[in-house]
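This is what each chain is made of:
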Amino acid sequence: MQDNSVLEMRGIFKSFPGVKALQNVDFTLRQGEIHALMGENGAGKSTLIKVLTGVHPKDEGTVFVKGFENAVNIRSPEDAQKVGISTVYQEITLCNNLTVAENMYIGRTKGAFVDWKKMNADAAKILNELQIPVEPTAQLSSCSIAIQQMVAIARAVDMECKILILDEPTSSLDDNEVAKLFKLMLGLKAKGVGIIFVTHFLEQVYEVCDRITVLRDGKLVGEYEIKDLPKVELVSKMLGKALDGLSTVKKPESFSCAPGEVPVYQAESLCSASGVKPFDFSIYKGEVNGFTGLLGSGRSESVRAIYGADKVFGGKVKVNGKSAKISRPIDAMKKGISYLPEDRKHDGIVGDLSVRDNIILALQVLKGFFKPISYAKAQAFAEEYIKLLEIKTASADTPIKSLSGGNQQKVLLARALLSDPQYLILDEPTRGIDIGTKTEIQELVLKLAKEGKSVTFISSEIDEMLRTCSRLVVMRDLKQVGELKGEDLTQSKIMATIAGGEK
């Protein structure tokens, strides 16, 4: 190993049935650096991390860790922890039925008895140091996704690791929480910890990282100093294309409906058990609109009320001008409304089912239990959407849990589109996925609108909302505080409205 290296991976190979996930990949992490691991979904980033942490055994290759004379054989996450590797994955892997402190120390207490007072005190100390606003005795299920993510990071940091892997840690965090995380990362870097940072936010990479390793199609593209790789070149290397794909997504023209046109969906004073305050909302045929606001502002709660995913307590709803009662998702589905949820792992995919079965799931629910879709039709539907959305999978029989996050998201889009909805709700459809797939989804949204479908689009990235939406409902503290369109649809105006002022 080089003197300044804390980790070296050499000649790593890993294959799954029908897929060569990693092919002769090298990766070096220096002591006291923040190193970005970049690439499209399916490039091999997650597989490389899972090989390093013992989740998947490597087929070939060697791994060296500082402090060990010979190559280490990491066969389990426990082995990884023993050599000083801690990981925070993109999908939160904590136990909702336990407290915050119990999640931080599960598997780390010694002996038959637990000193609960000391455990809670130790947890409170690190939570306070990281400025995470949660009590150690709070049930994790009562915490927001952002707080759960921060608790996972606190657990990893408290294990005194020398290699910290952060896999999309900022995907559920607002700007203030991201700033706190970056401060923490820079502090750990100063102490000599090597940090592997996986993210799809380019600005974040250039804000805190020292070097970048790029993977594409399971192969190493290259390793670069951050100062030597402009953003446009990074995107080019990730995509294998000469142009920045996002630049091809054109902002939609100002939307206007015909005089007297009836909205596809209209709500008046809608409110739900999630705590969202009564709000008004409408969407017309061929329109792309969205909800925007900071994390926890009520964006997701609003669309869950529209879809009936949360219990609705009040308000009036009309679909195509006629009164409708939508108290359950099946009611919305029967009215031609489809929904892609924010949390694809818990509310979207059925991990053990195949790609094919996940695609046809919503259509089968609409048809009913006694009208099963034949295998031939199901296979035809799956093949059609695998081709249409360019889903990377060995076959339609592949369990969806084996796919990358971006390809899982495409399967959920296929499921939503197969039922031929007139109104499609997409909550964070591009979160945690690569730039190329983001481009494809944004272009698909605009294409669907041109074909006459109505789309409500939610993203934590304001520039993405501006690229796709012609009207935005602004939320703050679970309350609708404004609606922007036309010349007012600018980043500065959105931020001013969110903040409660004018600019």
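Source: prediction; values computed, not measured. (Residues numbered from 1 in each chain as written. Predicted model: local features only at pLDDT ≥ 70, side-chain atom pairs only at ≥ 80, totals over all residues. Heavy atoms only, no water.)

Our next topic: the pattern of salt bridges. Evaluation of the coordinates by the stated rule reveals 23 salt bridges. Lys227 is paired through a salt bridge with Asp228; the nearest N and O atoms lie 3.4 Å apart. Classification of Lys227 by relative accessible area gives exposed; the value is 67%. Taken together, the salt bridges that share partners define one network made up of Glu33, Arg211 and Glu223. (Salt bridge = Lys/Arg side-chain N within 4 Å of Asp/Glu carboxyl O. Buried < 20%, exposed > 50% of the residue type's maximum accessible area, 1.4 Å probe, protein only.)

Here we come to the pairing of strand β18 (residues 471-476). Where burial is concerned, most of β18 is hidden: 5 out of the 6 residues are buried. The pairing of strand β12 (residues 288-292) with β18 spans 4 bridges and is parallel. Each bridged residue has a counterpart across the sheet, and for Phe291 the counterpart in β18 is Val473. By the bridge criterion, 6 bridges tie β18 to strand β19 (residues 479-485) in an arrangement that is antiparallel. For Arg476, the partnering residue across the bridge sits in β19 and is Lys479. Linking β18 to β19, which pair antiparallel, is a turn of 2 residues; within it Asp477 sits at a positive phi near 55°. (Helix = DSSP H or I, 4+ residues; strand = E, 2+ residues; numbered from the N terminus. Pairing = 2+ DSSP bridges.)

Before going further, it helps to spend a moment on the confidence of the model for the protein chain. Considering every residue of the protein chain, the mean pLDDT works out to 87; 94% of them sit at 70 or more. Scored below 50 in pLDDT, residues 243-247 shows 7 contacts in the model against residues more than four places distant or in partner chains. (pLDDT = per-residue confidence, 0-100. Contact = heavy atoms within 4.5 Å.)

Sheet architecture is open: 4 strands sit in the order β11-β10-β13-β14, paired in antiparallel fashion. Edge positions in the open sheet fall to β11 (279-283) and β14 (322-324), since each of these has one partner strand only. Between one strand axis and the next, the sheet turns through 20° on average, direction left out of account. In this structure, strand β13 (residues 312-319) lies alongside β14, joined through 3 bridges in antiparallel fashion. When the bridges of β14 are listed, Lys318 appears paired with Ser323. Its contacts with the sheet put helix α9 (residues 299-307) on β10 (265-272), β11 and β13, and the angle it makes with β10 is roughly 115°. (Axes fitted to C-alpha atoms, helices over the stretch in contact; angles between N-to-C directions.)

Within the open sheet, the 6 strands sit side by side as β15-β16-β17-β12-β18-β19. Their pairing is mixed. With one partner strand each, in any of the chains shown, β15 (337-340) and β19 form the two edges of the open sheet. On average, each strand axis in the sheet is inclined to that of its neighbour by 15°, with strand direction left out of account. Along the sheet face, helix α14 (residues 405-418) touches β15 and β16 (423-427) and points at about 170° away from the line of β15. This element, helix α17 (residues 491-499), spans β12, β18 and β19 of the sheet and lies at about 30° to β18.

A word on α14. The end-to-end C-alpha distance of α14, which contains 14 residues, comes to 20 Å, matching closely the 20 Å that a straight helix rising 1.5 Å per residue would cover. Across the 14 residues that make up α14, a large majority, 14, are buried. Of the residues trailing α14, Asp420 is marked for its positive phi of about 55°. (Expected span 1.5 Å × (residues − 1).)

Note on placement: Asn103 falls in helix α3 (residues 100-105). A distance of 3.0 Å separates a polar atom in the side chain of Asn103 from the backbone oxygen of Thr99. (Polar contact = N/O pair within 3.5 Å; in protein donor to acceptor, adjacent residues only side chain to side chain.)

Turning to the nonpolar core, a few remarks are in order. Ranked by size, the top nonpolar core spans 53 residues in total, and within it Val100, Met104, Val134, Leu164, Met185 and Ile212 carry the most contacts. Looking at this core, the element that brings in the most residues is helix α5 (residues 145-158), giving 9 residues. Other than its neighbours up to four places away in sequence, Val100 contacts Leu127, Val134, Glu135, Pro136, Ala138, Leu140, Cys143 and Val151. (Core = buried A, V, L, I, M, F, W, Y, C linked by side-chain atoms within 4.5 Å.)

Before going further, it helps to spend a moment on α5. Along its 14 residues, α5 runs 20 Å from first to last C-alpha, staying within 8% of the 20 Å computed at 1.5 Å per residue. Taken across its 14 residues, α5 has 12 buried, putting it largely inside the fold. Among the residues of α5, those classed as buried are Ala146, Ile147, Gln148, Gln149, Met150, Val151, Ala152, Ile153, Ala154, Arg155, Ala156 and Val157. Taken together, the buried residues of α5 touch α2 (77-82), β5 (85-88), α3, α4 (116-129), β6 (163-167) and α6 (175-190). Of the residues one or two after α5, Glu160 is the one with positive phi, at around 50°.

Before going further, it helps to examine the environment of Lys219. Residue position: Lys219 is located in strand β9 (residues 219-225). Considering only alpha carbons, one finds Lys219 and Gly336, 117 residues apart in sequence, at a separation of 43 Å. In contact with Lys219, other than residues within four places in its own chain, are Gln23, Val25, Ala43 and Val214.

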